Amino acid sequence: GSSFPRILDTRGQFSIAVHFAPTTTSPTPDGVIRIYSNDINHPEYDLPVVAQQLAPQIHVVPSAEEKLIFGQVDAGQTATKTVVVTNSGDLPLEISQVALQAPSDFSYEVVGVSGYPVSLLSGESRMDIKVSFTPSSTGRMEGNLVFHSNDPSHPTYTLPIVANSDT
């Protein structure tokens, strides 16, 4: 919106606003602001521009540290809990698989997903997983809900599940 050429006095200045709207999922997009002037020593001046984007980052509630805990559930009864997955990075998080590693007393359903991969944008989308526990007998049971994604720090994220325990 500024008109050019600009004439600057000694120590003169003006501001340039740069807006970033990524069109690819490259983790380190960069560019250059090229300034043309009548400066004899530097008629062209390149100002590097680097956008710092956070890689995809899986965020699971409850977390692995908190565990998905089912209290005491009587044999034949069913308790269901919801696990919420979001992306706390800047680039899209691609969930390629969700797997339940647990006794058959546990089951799960990924709500509203017809297939993989599931793409989660930062702050805009989430994936809900309903985990059910229907024990056939009493006693402590454990399992894991395992997520496979493009999160470079946690390509495999494991959520422990504990049921019928004093935990």
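Details of the structure are given in the entry above.
Described below are features of the structure shown in this document.

The rules behind the values
- Residues numbered from 1 in each chain as written.
- Predicted model: local features only at pLDDT ≥ 70, side-chain atom pairs only at ≥ 80, totals over all residues.
- Heavy atoms only, no water.
- Core = buried A, V, L, I, M, F, W, Y, C linked by side-chain atoms within 4.5 Å.
- Buried < 20%, exposed > 50% of the residue type's maximum accessible area, 1.4 Å probe, protein only.
- Contact = heavy atoms within 4.5 Å.
- Salt bridge = Lys/Arg side-chain N within 4 Å of Asp/Glu carboxyl O.
- Helix = DSSP H or I, 4+ residues; strand = E, 2+ residues; numbered from the N terminus.
- Polar contact = N/O pair within 3.5 Å; in protein donor to acceptor, adjacent residues only side chain to side chain.
- Pairing = 2+ DSSP bridges.
- Axes fitted to C-alpha atoms, helices over the stretch in contact; angles between N-to-C directions.
- 1 Å grid on protein atoms, 1.4 Å probe; cavity = no way out; pocket = protein on both sides within 12 Å on 5 of 7 lines; lining within 4 Å.
- Points joined across faces, edges and corners; volume = space filled by probe spheres on them.
- Nonpolar A, V, L, I, M, F, W, Y, C, P; charged D, E, K, R; others polar.

1. Describing the nonpolar core
Here is step 1 of the chain: Residues V83, V85, I95, M127, I129, L145 and F147 are the most contacted members of the largest nonpolar core, which totals 26 residues.
Here is step 2 of the chain: With sequence-adjacent residues up to four places away left out, F147 is seen in contact with I58, V60, V83, V85, Q97, V98, M127, I129, P155, T156, Y157 and L159.

2. Examining the pattern of salt bridges
Here is step 1 of the chain: Under the counting rule described, the total for this entry stands at four salt bridges.
Here is step 2 of the chain: One salt bridge connects E44 with R34, and the closest N-O pair in it is separated by 3.9 Å. Taken together, the residues E44 in strand β2 (residues 44-50) and R34 in strand β1 (residues 30-36) connect sequence positions 10 residues apart.
Here is step 3 of the chain: Residue class for E44 comes out partly exposed when judged on its relative accessible area of 47%.
Here is step 4 of the chain: On the basis of relative accessible area, R34 is assigned to the partly exposed category, the value being 42%.
Here is step 5 of the chain: With a shortest N-O distance of 2.6 Å, E142 and R140 are connected by a salt bridge.
Here is step 6 of the chain: The class for R140 is partly exposed, based on a relative accessible area of 45%.
Here is step 7 of the chain: Connected via shared salt-bridge partners are R34, E44 and D46.

3. Observations regarding the side chain of S132
Here is step 1 of the chain: Note on placement: S132 falls in strand β9 (residues 127-133).
Here is step 2 of the chain: For S132, a relative accessible area of 15% translates into the label buried.
Here is step 3 of the chain: Of the polar contacts made by the side chain of S132, one reaches the side chain of T80; its length is 2.9 Å.

4. Points about the sheet that holds strand β4 (residues 68-70)
Here is step 1 of the chain: Across the sheet, which stays open at both edges, the five strands sit in the order β4-β11-β10-β6-β8 with mixed pairing between neighbours. Two strands close off the open sheet at either side, each with one partner strand: β4 and β8 (118-120). For this sheet, the mean inter-axis angle between neighbouring strands, taken without regard to orientation, is 30°.
Here is step 2 of the chain: Relative to strand β11 (residues 156-163), strand β10 (residues 141-149) runs antiparallel, the two being bridged by eight bridges. Considered in β11, the bridge of E142 is made with V162.

5. Details of unusual backbone geometry
Here is step 1 of the chain: The omega torsion across V61 and P62 is 0°, close enough to zero to call that bond cis.
Here is step 2 of the chain: With an omega of 0°, the peptide bond between Y116 and P117 qualifies as cis.
Here is step 3 of the chain: Inspection of the secondary structure assignment puts P117 in the loop between β7 (106-110) and β8.
Here is step 4 of the chain: Unusually for a residue other than glycine, R11 sits at a positive phi of about 65°.
Here is step 5 of the chain: Positionally, R11 belongs in the segment before β1.
Here is step 6 of the chain: A positive phi is found at K67, a non-glycine position, where the angle reads about 70°.
Here is step 7 of the chain: By relative accessible area, which is 34% here, K67 ends up partly exposed.

6. Focus: the sheet that holds β7
The strands that make up a sheet pair up through hydrogen bonds in the backbone, lying either parallel or antiparallel.
Here is step 1 of the chain: What the four strands build is an open sheet, ordered β3-β5-β9-β7; its pairing is antiparallel. At either margin of the open sheet sits one strand with a lone partner, and together these are β3 (58-61) and β7. Strand-to-strand, the axes of this sheet are offset by a mean angle of 20°, without reference to chain direction.

7. Side note on the layout of surface pockets
Picture a little ball the size of a water molecule; that probe, rolled over the atoms, points out where space is still empty.
Here is step 1 of the chain: By volume, the largest pocket amounts to about 610 Å³.
Here is step 2 of the chain: Taken together, 17 residues form the lining of the largest pocket, with L8, F14, I35, Y36 and S37 sitting closest to its centre.
Here is step 3 of the chain: Among the elements that take part in the lining of the largest pocket, β1 stands out by supplying four residues, more than any other.
Here is step 4 of the chain: Here the lining of the largest pocket is composed, by residue class, of 10 nonpolar, four polar and three charged.

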